[in-house]
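Tertiary structure, described
Chain by chain, the residues run as shown.
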Amino acid sequence: MSHYAVIAPPFYSHVKALEALAVALVERGHRITFIHQSEARPLLGDPRLAFYAVGEHTHGPGSLPRSLRLLARPNGLSLFRLINNLAGITDMLCRELPDALKTLEVDGLIVDQMEPAGALAAEAAGLPFVSVACALPVNREPGLPLPVMPFDYAASERARRTYQASERIHDWMMRRQNAVLARHAEELGLAPRRGLHEWLSPRAQISQTLPSLDFPRQRLPACFHAVGPLRPPAASEPSEARRAAAPLVFASLGTLQGHRFGLFKKITRACRRLGAELVIAHCGGLTAAQEEKLRALGASQVVDFADQPAIIREAQAVITHGGFNTVLDAVTGNTPILALPIAFDQPGVAARVVYSGIGERVSRFATRDMLARQLQKVLTEPRYRQRLAEVRKDLKRAGGVTLAATLTEAALGGTKETL
């Protein structure tokens, strides 16, 4: 039995994906400890997983809610405050992880690509680690846009120049976090590196994406494995028979954007215009009065949380902000997507939804009529389900959480040559 530590951003979707991997490893006899600030503890739902709190002096009570508020409204100056906030979390972890790893006597680390402090601490301690891409992979390639950029894929020289310019802008904006990593790397005697993509494991890189859901990649390392969604094993295959008098649409803007009442109103009016039944899950972002208003406008159900995979299996379309986990649930459920991206990698996810042919996107600032027209396409044109059938072939071959657990065991318990 080995003891592995998990280092991830303290955000619901990332923790839940890694929790599924952690539980799979626990069921194989390993011990798993998540390490982060104390307010991240409630994100874990399985009592078999341990939690070790760090950052008491710099990231005590109230710190995580402040981070989540910035994440929920990443506009203008608040975006730079958010970047500084995330750099502060990385700084705290770089300071505190080395002692935590010694205290816990871990044998290896499972590190979310979005929190490079875990990779830095692992290297400093001489411990093996695996990198996990819960969101779009941060691996860079010439000729591909960064996942946080909204660009469509094109092979032209003009597109390549656009991608290169956007990388420079991105790296300038992220200079605070890069400086934090460079300083700690120097203090610990590690080679300097300049971004998330340079802190990835040489042993195993595990991604939730699928080749058919990404732009064409040519230079992924041999240790990169696209395993698909990190979810508990499904009890059975989803049913393909789901027809009703009116089409069913499921709408969710995720755990951080569920407060966007105005956008939900526009979605509700568009569905009413099409005669579609609408189920909204706002993840606790709306008040009871706002819920009632949406019902009055025509929404069939408005709830805080729902069994998202089950509802998506029954729906004829999913409206999402472009959260990667919701997109993966839609692929699993064989349900076309209408993406309304808001921030972070959501525009990049939406671009890949369109590129893969499994749905459409529309600006969140679009009119109700434009939204309704795009939704009508997704509901009625067969090409989206035809493409979903192809993507689902990738999904069935991918291996999921079972393969991810096997790869993790090999990487953390053996040598690079065993993978």
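Read on for a plain summary of the structure. Note that the structure is predicted; figures quoted are calculated from it, not measured.

This paragraph deals with empty space enclosed by the protein. One water molecule sets the probe size; rolling that probe over the atoms shows where empty space is left. Taken as a whole, this structure holds three cavities of 30 Å³ or more when the rule is applied. By volume, the largest cavity amounts to about 80 Å³. In terms of lining residues, the largest cavity is bounded by 13 residues, among which Ala 8, Val 15, Phe 34, His 36 and Ala 40 are the most central. Those elements that place two or more of their residues in the lining of the largest cavity are β1 (3–7) and β2 (31–36). The biggest single contributor to the lining of the largest cavity is β2, with three residues. For the lining of the largest cavity, the per-class residue count stands at twelve nonpolar, one polar and no charged. There is about 50 Å³ of room inside the second largest cavity. Taken together, Pro 137, Asn 139, Arg 140, Glu 141, Leu 144, Pro 145, Leu 146, Pro 147, Arg 217 and Arg 352 form the lining of the second largest cavity. Of the residues assigned to the lining of the second largest cavity, the class counts are five nonpolar, one polar and four charged.

A general tendency of soluble globular proteins is for nonpolar side chains to be buried together. Of all hydrophobic cores here, the largest spans 34 residues; its most connected members are Leu 18, Leu 21, Ile 32, Phe 34, Leu 49, Ile 110 and Val 132. With ten residues, the single largest contributor to this core is helix α1 (residues 12–26). Apart from residues no more than four positions distant in its own chain, Leu 49 is found in contact with Glu 19, Ala 22, Val 23, Val 26, Ile 32, Phe 34 and Leu 44.

This part covers the sheet that holds β1. Within the open sheet, the seven strands sit side by side as β3-β2-β1-β4-β5-β6-β7. Their pairing is parallel. On the outer flanks of this sheet lie β3 (50–53) and β7 (224–226), each paired with one strand and no other. Going across the sheet, the axis of each strand differs from the next one's by a mean of 25°, ignoring polarity. Looking at chain direction, β1 and β2 are connected through four bridges and run parallel. Along β2, the bridge assignment pairs Ala 5 with Thr 33.

As a further point, take unusual backbone geometry. You will see that Glu 105, though not glycine, has its phi angle at about 55°, which is positive. Take Glu 105: it is sitting in the loop between α3 (77–104) and β4 (108–112). The class for Glu 105 is exposed, based on a relative accessible area of 64%. Even without being a glycine, Phe 344 presents a positive backbone phi close to 55°. For Phe 344, the position within the fold is in the loop between β12 (337–339) and α11 (346–356). Judged by relative accessible area, which is 30%, Phe 344 ranks as partly exposed.

Next up on the list: the layout of surface pockets. If you add up the space inside the second largest pocket, you get close to 160 Å³. Contributing elements (two or more residues each) for the lining of the second largest pocket: α1 and α14 (400–413). Grouping the amino acids of the lining of the second largest pocket by side-chain chemistry returns seven nonpolar, one polar and four charged.

Direction vectors running N to C along α3 and helix α6 (residues 175–187) enclose 15°, while the axes themselves pass 8 Å from each other. Taken together, the axis directions place α3 and α6 in an arrangement best described as roughly parallel. Where α3 crosses over α6, the two elements pack in a sense that is right-handed. Contact residues: Asn 84, Leu 86, Ala 87, Thr 90, Asp 91, Cys 94 and Arg 95 in α3; Arg 176, Gln 177, Val 180, Leu 181, Arg 183 and His 184 in α6.

Spatially, the six strands line up as an open sheet ordered β10-β9-β8-β11-β12-β13, and their pairing is parallel. Only two strands of the sheet have a single partner each, and these edge strands are β10 (301–303) and β13 (359–361). Across the sheet, the mean angle from the axis of one strand to that of its neighbour is 15°, orientation sign disregarded. Relative to β10, strand β9 (residues 277–281) runs parallel, the two sharing three bridges. By the bridge assignment, Ala 281 is partnered in β10 with Val 303. On the sheet, helix α12 (residues 368–380) packs against β8 (248–252), β11 (317–320), β12 and β13 and is oriented at approximately 155° with respect to β12.

In this section: the packing of aromatic side chains. On inspection of all chains with the given rule, the structure shows five aromatic pairs. For the ring pair Tyr 153 and Phe 215, a centre distance of 5.7 Å and an interplane angle of 35° mean the geometry is tilted. In this pair, Tyr 153 sits in the loop between β5 (129–133) and α5 (157–173) while Phe 215 sits in the loop between β6 (205–207) and β7, placing the two residues 62 residues apart along the sequence. Both rings, one in Tyr 153 and one in Tyr 355, keep their centres 5.8 Å apart while their planes meet at 75°; by these two values the pair is edge-to-face. Taken as a pair, Tyr 153 in the loop between β5 and α5 and Tyr 355 in helix α11 lie far apart in primary sequence, 202 residues in all. In this structure Tyr 153 comes out as partly exposed when scored by relative accessible area, which is 29%. Tyr 355 sits in the partly exposed class, given a relative accessible area of 41%.

Rules of the game
- Residues numbered from 1 in each chain as written.
- Predicted model: local features only at pLDDT ≥ 70, side-chain atom pairs only at ≥ 80, totals over all residues.
- Heavy atoms only, no water.
- 1 Å grid on protein atoms, 1.4 Å probe; cavity = no way out; pocket = protein on both sides within 12 Å on 5 of 7 lines; lining within 4 Å.
- Points joined across faces, edges and corners; volume = space filled by probe spheres on them.
- Helix = DSSP H or I, 4+ residues; strand = E, 2+ residues; numbered from the N terminus.
- Nonpolar A, V, L, I, M, F, W, Y, C, P; charged D, E, K, R; others polar.
- Core = buried A, V, L, I, M, F, W, Y, C linked by side-chain atoms within 4.5 Å.
- Buried < 20%, exposed > 50% of the residue type's maximum accessible area, 1.4 Å probe, protein only.
- Contact = heavy atoms within 4.5 Å.
- Pairing = 2+ DSSP bridges.
- Axes fitted to C-alpha atoms, helices over the stretch in contact; angles between N-to-C directions.
- Parallel < 35°, antiparallel > 145°, perpendicular 65-115°, else oblique.
- Left-handed = near helix turned anticlockwise from the far one by under 90°.
- Phe/Tyr/Trp six-rings, centres within 6.5 Å; stacked < 30°, edge-to-face > 60°.

Taken by themselves, the reported measurements are silent on function.
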